Structures are given as C-alpha cells and as structure tokens.
Amino acid sequence: MHARKAITGILVNVCRLVISLTFIFSGYVKAIDPLGTQYKLQDYLNVVQLGQYVPDYITLVASVLLGGLEFCLGVFILFAIHRRLVSRLVLLFMAIMTPLTLWLAVANPIKDCGCFGDAVILTNWETFYKNIVLLAAAIVLCVKPLGMPRFISRSNQWIVVTYTIIFILFSSSMCLYTLPTFDFRPYHIGANIKKGMEIPEGAKGPEFETTFILEKNGQRKEFTLDNYPDSTWTFIDSKTVQISEGYVPPIHDFSIQTTDGSEDITDSVLSRRGYSFLLISPHLEKADDTNFGDIDQIYEYCQNNNYPFYALTASTDEGIQHWRDITGAEYQFYLTDETTLKTIIRSNPGLLLLKDGVVIGKWSHNDLPQLNDQSPKLERTEYGQMPQNSVTCKISKIVLWYILPLLLLTFADRTWKFTKWIKEKEHSNKIYQLFKRKKNMRKKIVAGNWKMNMNLQDGIALAKELNETLNNNKPNCGVIICTPFIHLASIAQFLNQDVIALGAENCADKEKGAFTGEVSAEMVKSTGAQYVILGHSERRGYYGETPEILKEKVQLALKNGLKVIFCIGESLEEREAGKQNDVVKAELEGSVFNLTAEEFKNIVIAYEPIWAIGTGKTATAEQAEEIHAYIRSIVAEKYGKEVAEDTSILYGGSCKASNAPELFAKPDIDGGLIGGASLKAADFMGIIDAWK
Ligand code: PEP
C-alpha cells in the first residue's frame, strides 16, 4: 500500500516536472518573441483561409496571451498553485493542442508548428509525439492534483500568481517594443550570414525523382529512369518531385536584389569588409514611421562616414514610394524575400549592422542607435563593437528579476510555514497533554443558581441581558441559568437555548396529583427548560430532602427529558473530620448510582462544600481538584472510565470571576455552579470568561 502510494507520488511529480518545464520553456520563448508567434498564428489562419479576416492586432494580442498563458500554467504547476484548477486547464490545453498537431503531422500544411518558437525546431510528427506524452502527463495531474506538494503556502500563492503574470506580460511587451531577449534565429548577433548559407563539403544534397509518362497502343504508363522502356513507347510528359531534403543550411533563402530585379548584390553586401547597415522592413505599408527621423539621421551618418546603407523590403514599388513620400527617405531600396526579412529582425522597420558579413548589432525602430553628424566613426562607438556575453547578462537579469525573488519568497514562506508547524506541534502537544489529564471532550459548564431571588421582571431583565451579551460574544463553555419556577416559561420565550440553557432549581418527587404547591418534572419540562438542580444542600438542609426523595426526583426528571445538575458536598464538621469523600460517595450512591450508565450520561455533578456556599469561603483549587478527582474515580468504579471521563463535575461555593480561572484550570474541574455571582450579568460573565 505504502509502495503504491510512493510510486504514485513519484509519477505525479515527474509529470508535474515534465509539464511545468515544458510549458515554462515553450511559453517563455513564445512570449519573448510576440511578433514571431504572431507570424506563426497568421500562418495557421492562412492555412484555414481565415488570415484575411483577422486583423493584425488580434493575432498580436493572441500571441502575447498564448505565450503568457503557457508560461503561467507551467509556473503554477511547478509551484502547485490552485492544483485542481490549473491541472484541468493544462489538460484542456493539451486536449486542444494534441488533435491540432495530429492534423499538422498528417496534412503537413505548415512545416514547423512553432511550439517552441525558434528555439527548438521539431518535425510535426515529433511535436505530435511530444504532445501525446504531455497529454498523458496532464491526465495524471488531473487525476491526482493533490499529489503535487505545494512549494508555497496557499495564503502566499497570490504573490507568485501576480508576479508571474506581471513578469511575463512585461517581458513580452518589452520584447515587442525592442527585440526578443533571446534570438534563436540564424541572423542572431555574431552570425556570419555568408557562412550560414554554405553547404559543407560532402553534405548530402536534396534528392529528386523524375517520372516519365509514355504511351503505346493507346495505353499510358509511368516509368522511372530505372525501368525506362524501348523506343516503341512515345514520350508524353514527365514530372519531378523532391524525395529528400538533404542538407539545408541554416540560411538558405537570403538574397538582395535591385528593385528592378536586374542585379543580385547579395555576395557583394556579405563579402564587404567593414561596416554596412541594413534597414529591414518586410512591408513598408505596415511599417511604423514614428522614428523615421532617427533612421534618416543614421543614413546621413553613413553617408558622411562612407558606410553602405541598404534598405531591404519585400514591398512593391508603390509601397516604397509611399514610404519615401511620408518619410522623405533618400536611401536605396532592395528586394528580399518577405519571410526572410521577418526572420532577420522582429521589428518593422528594424536595423542591422554587419561587420565583415557578421551581424554585430540589431535594433528595433524604437531603440535605434543614436548616431548623428557629431558621432565618431563606428570603431570608436559602442555600436561598432560585438556585444560581449550578452546571453549571460540576459540570463542574469532574469535570475535577478524573476527567479531570485521567487526563490527568496519560497524560502521565506517555507521558513514561516515551518515555524508555524513547530508552534502548532507544540500547541497540539500541549493539548495532548491536557487531553491526557482532562478529557477535552467533556462539556465545560457555568451554571447559575438564582435561588429565591428576583421578581419576574428583574429575572426577565437579567436573562435578556445575558442572552444579548452571550449571543454577541459567544461563550467558550455551556451556560445554564437555573431560575425560580415563575420565571421559566417567560424566559424560555426569548432565550437562545443553543447558547444559554434554562433550568429549574427543583422539581417534585411525585409525578402529579394532589400535592399542593409542588411543581412536577413534567411541568418544568413543559416550560421549555432543559435542566433541573437537584440535591442542593439548601434543599437537603431546609426542606429535608433525603437521598430517597432525591432518587425519586432524579428518576422523574430523567423520565421527563430533563438533565440533572446533582449537588453533593460535605459540611464543615464533616470536612474537619476528614469525611468529605465518604459523604459525597454516600450522596451519589443514595440518589444516582442506581441509574444505568446510559441514564447517568444526563447527570452533571456539582460538588458544593456546604461550608463554602454563600459564605465567601472558597475551597482552594487544590482541595477542590482533590475531591473532584475522587468523585471521578468513584464514577469510574461504578460506570467505567469512559463514562467518568465524560461526566462534567462542577465546583460550587463562593465561586467568582477572581477565583474561577484557577479553579477551572484544574483537570477535574469542569466549570462551576454559581449562586450569588449569577445574579449580576457582569459577575456571571466574568466567570464564563474564565474559559476563554
Ligand atoms: C449555590 O448556591 O449553588 C452556590 C454555589 O452559591 P454561592 O456561589 O453563592 O456560594
């Protein structure tokens, strides 16, 4: 079982890693080349004949969003953020992409699907197989999303989410404004264009096969050179198809021609020693003309310093003229293939600086070099030097601005989580210790015994005040108010008994009948009360309630669905004689130990030493705890440990807000039965708050 769980855990996290790294990489390379991604989206739209209907800005926004979405999904999976939702989104993404790439592989309408931008070029079938693997991994994550442990706690996930979205959108926008951070195309800085066009010696060239169609006696047949027939056959037609690509150099479609097509100057441009500027604009009609002044200034600088300046475009003569009209451009235009120009630089227009045929600088029209008639020769400017370690520098920036903050956040989060865990552990240990000593399950109770105090109006007012206070500020214990009979029905009308339960102070030992002045358990119950105090020392002492009478009362109370707060306790003489244990034991045996264990669950014991009731003398917490523990032990002897642990044993006798916390802190004291201090809301609340 454990081994299976471990294997599943490993599988889920391997899938998580595969998906996250792939998505982060593919999303990032797309996001930093929004124009490249846009061109690819336009290719797809053209294949399905929709290209002309979708405006450029839509495809551009879609390309930024697509790259950003993939990147974010990858990061969220890596950090296990919103695991269920994100793994479903990844599955949805793969469920769309996989059939799409199957179609690409089968129909081959586009050679490179563009899933890794220009960074990694896969064949369409390779892409499809890759997607099958990702789809399977996405299914695993979807089935077991919670198998991915979080790198960052839930409460801090929003920081990663927000920072990642800002980072990727900012990166994408910056790359759109300037140029892609990383250039994976063959025209990157440092590339020797001429070398990129060379086919190495001995490399396999493309292979072609020619089929000949010949006819004899009205019958047409196809032949190849290997089975070419005799002269009795008449030649009709032939067709030649490429059967293998052979070695394709990284740059295979670069050429520069004069606009009338009369001259190809590719070689002279690429072989020239020294600096040359190439202004690149695939479409002059769509080119951004905001910075034409800077371009003109660079052109003038070139004129002054004898640097050739070629403007390469795929536009028509009208397009060129249109550009000249709006910008006053005086430089010479040449023709180059549109796709090649789009590949050379992701800016329209953009500027390229060649030195001895090697690309040493690339600039978007928004970020052109500041060169004017005052500027020194290129050798003496930063623009004329090959940038050093630009890749290392760019990677360091990403580490500094994105990876490092996230690592620090993760570290801080984990440390915070760990300390929290340690604290919780300590806390739960404390609880455990407490639990061992005092069953926390046991109900804690503060019960008030109003005795023969307060008329109906005063009683109602007090009950109302308590009701309101405790409903606004929920107590940490059960609260009961036991009132004279006359209050019960009225108070029951408004008391929220989920918060404060209502009880009587007595009930008759007879079920019903001619017992003038008595109130039966059934009557008490009918008022809405839930509890009844029985065995109070005042009733035992002043009204002669014997253990037998109390036994009857307890029976009747339980029979009528009332819970009993059963009071026991020794007199001062008995305590002084050290007989307290015997006294309480006898009182329990005399009136409640006849009950079944099930019935006994409805008994709350209140230990009230008679010498402490209303006298201002309180038993010390230690004295009280000692006898409470004893009472619990005799309950355990009678009904078993479990029942004893569940029995609430309250202390009563001059209990007030000042001594309640110390008394209630004792493991066997589960609250108090309060006389005098229950007659004022503030005093009573002070005791209730001892549980907080
Ligand atoms: C009581 O009568 O149950 C009692 C405990 O009274 P006091 O709190 O006033 O001592």
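What counts and how
- Residues numbered from 1 in each chain as written.
- Predicted model: local features only at pLDDT ≥ 70, side-chain atom pairs only at ≥ 80, totals over all residues.
- Heavy atoms only, no water.
- Pairing = 2+ DSSP bridges.
- Helix = DSSP H or I, 4+ residues; strand = E, 2+ residues; numbered from the N terminus.
- Buried < 20%, exposed > 50% of the residue type's maximum accessible area, 1.4 Å probe, protein only.
- Contact = heavy atoms within 4.5 Å.
- Patch = residues over 30% accessible without salt bridge, like charges linked within 9 Å, V, L, I, M, F, W, Y side chains within 5 Å.
- Areas by Shrake-Rupley, 256 points an atom, 1.4 Å probe, with all protein chains shown as cover.
- Salt bridge = Lys/Arg side-chain N within 4 Å of Asp/Glu carboxyl O.
- Lys, Arg positive; Asp, Glu negative; His and termini not counted.
- Charge placed at Lys NZ, Arg CZ, Asp CG, Glu CD.
- Near = heavy atom within 4 Å.
- Polar contact = N/O pair within 3.5 Å; in protein donor to acceptor, adjacent residues only side chain to side chain.
- Nonpolar A, V, L, I, M, F, W, Y, C, P; charged D, E, K, R; others polar.
- Axes fitted to C-alpha atoms, helices over the stretch in contact; angles between N-to-C directions.
- Core = buried A, V, L, I, M, F, W, Y, C linked by side-chain atoms within 4.5 Å.
- Expected span 1.5 Å × (residues − 1).
- Phe/Tyr/Trp six-rings, centres within 6.5 Å; stacked < 30°, edge-to-face > 60°.
- Lys NZ or Arg CZ within 6 Å of the ring centre and 35° of its normal.
- Domains from an automatic or database assignment.

As judged from the five bridges shared by strand S1 (residues 207–216) and strand S2 (residues 219–223), these two strands associate in the antiparallel manner. Paired with Leu214 across the bridge in S2 is Lys221. Between S1 and S2, which pair antiparallel and follow one another directly, the connecting turn spans two residues, one of which, Asn217, has a positive phi of 50°.

Take the environment of Gly67 next. If you trace the backbone, Gly67 turns up in helix H3 (residues 56–79). Assessed through its relative accessible area of 0%, Gly67 is described here as buried. For the pair Gly67 and Leu169, spaced 102 residues apart in sequence, the C-alpha to C-alpha distance is 9.2 Å. Here Gly67 is in contact with Gly27, Lys30 and Ala31, once residues within four sequence places are set aside.

Let us look at the pairing of strand S9 (residues 358–364). Burial within S9 is extensive, with seven of its seven residues counted as buried. Both strand S8 (residues 350–355) and S9 contribute to a ladder of six bridges, which runs antiparallel. Its bridge partner lying in S9, Leu351 is registered against Trp363. Linking two consecutive strands that pair antiparallel, namely S8 and S9, is a turn of two residues; a positive phi of about 55° is found at Asp356 within it.

Quick look at a negative patch on the surface now. On the surface, Asp260, Glu263, Asp264, Glu285, Asp317 and Glu318 cluster together to form a negatively charged patch. Summarising the element assignment, Asp260 is placed in the loop between strand S4 (257–258) and helix H8 (266–271). Using a relative accessible area of 59% as the deciding quantity, one classes Asp260 as exposed.

Moving on to the sheet that holds strand S5 (residues 275–281). Taking strand neighbours across the sheet as the criterion, the six strands line up as S4-S7-S6-S5-S8-S9 in an open arrangement whose pairing is mixed. Edge positions in the open sheet fall to S4 and S9, since each of these has one partner strand only. Relative to strand S7 (residues 333–335), S4 is paired through two bridges, and the arrangement is antiparallel. Paired with Thr258 across the strands is Tyr334, a residue of S7.

So, about unusual backbone geometry. Residue Asn348 is joined to Pro349 through a cis peptide bond whose omega torsion reads 5°. Of note, Pro349 is situated in the loop between helix H11 (338–344) and S8. Non-glycine residue Asn306 carries a positive phi angle of around 60°. One can find Asn306 in the loop between helix H9 (292–305) and strand S6 (309–313). We classify Asn306 as exposed; its relative accessible area is 62%. In the Ramachandran plot, Met454 falls in the positive-phi region, its phi being about 70° despite a non-glycine side chain. Locating Met454 in the fold gives a position in the loop between strand S10 (445–449) and helix H13 (456–472).

Once that is clear, we can look at the site of the ligand. Among the 14 residues in the neighbourhood of the ligand, the closest are listed as Lys451, Glu608, Ser654, Gly675 and Gly676. Within the backbone of Gly676, an N or O atom sits 2.8 Å from an oxygen atom of the ligand. In the complex, the protein chains occlude 96% of the 290 Å² of accessible area that the ligand would expose alone. For the shell around the ligand, the residue count by class is four nonpolar, eight polar and two charged.

Let's shift gears to the sheet that holds strand S13 (residues 531–534). By definition, the strands of a sheet pair up through backbone hydrogen bonds, in either a parallel or an antiparallel sense. Pairing is parallel in the closed barrel, where eight strands are placed in the order S10-S11-S12-S13-S14-S15-S16-S17. Each neighbouring strand pair of the sheet contributes to a mean axis angle of 25°, computed without reference to strand direction. In this sheet, strand S11 (residues 478–483) lies alongside S10 in parallel orientation, the contact comprising five bridges. Bridge pairing in S11 places Asn449 opposite Cys482. Contacting S11 and strand S12 (500–504), helix H14 (residues 485–494) runs over the sheet at an angle of about 150° to S12.

Counting residues in hydrophobic clusters, the biggest one holds 71 residues, and the most contacted among them are Ile481, Phe566, Phe600, Ile603, Ile631 and Phe664. Counting residues per element, this core draws most heavily on helix H21 (residues 621–639), at seven residues. Within the second largest apolar cluster, 38 residues are counted, among which are Cys15, Tyr28, Val75 and Val160.

With that out of the way, let us pick up the side chain of Asn467. With respect to the helices and strands, the residue Asn467 is situated in helix H13. Sequence-distant contacts of Asn467, defined by excluding residues within four places in its chain, comprise Phe494, Leu495, Asn496 and Ile500.

We now examine the environment of Leu400. Tracing the backbone shows Leu400 in helix H12 (residues 390–437). Put simply, Leu400 and Leu179 are 221 residues apart on the chain and 20 Å apart in space, counted from C-alpha to C-alpha.

Applying the stated criterion across every chain, the model contains 28 salt bridges. With its nearest N and O atoms 2.7 Å apart, the salt bridge here joins Asp413 to Arg414. Residue Asp413 is classed as buried on the basis of its relative accessible area of 2%.

With 25 residues, helix H4 (residues 83–107) ought to run about 36 Å at 1.5 Å a step, and its terminal C-alpha atoms sit 36 Å apart, in line with that. The inward-facing, buried residues of H4 contact helix H1 (2–31), helix H2 (34–47), H3 and helix H5 (124–143). With its phi angle positive at about 50°, Asn108 sits one or two positions after the end of H4.

Evaluated as defined, the whole model comprises 31 aromatic pairs. When the centroid spacing of 5.8 Å and the interplanar angle of 50° are considered together, the rings of Phe71 and Tyr402 count as tilted. Highlighted residues: Phe71 in helix H3 and Tyr402 in helix H12, separated in sequence by 331 residues. The buried category is assigned to Phe71, whose relative accessible area is 3%. For the pair Trp125 and Phe128, a centre-to-centre distance of 5.8 Å together with 80° between the ring planes defines the contact as edge-to-face. You can see Trp125 and its partner Phe128 sitting in helix H5, three residues apart, about one turn around the helix. Between the NZ or CZ atom of Arg16 and the centre of the ring of Phe151, over which it lies, the distance is 4.5 Å. For the cation-ring pair, Lys394 lies above Phe182, with the distance from its terminal atom to the ring centre recorded as 6.0 Å.

This part takes up the domain arrangement of the protein chain. The domain architecture assigned to the protein chain consists of domain 1 (2–177), domain 2 (207–244), domain 3 (257–387) and domain 4 (437–691). Centre-to-centre, using C-alpha coordinates, domain 1 lies 67 Å away from domain 4.

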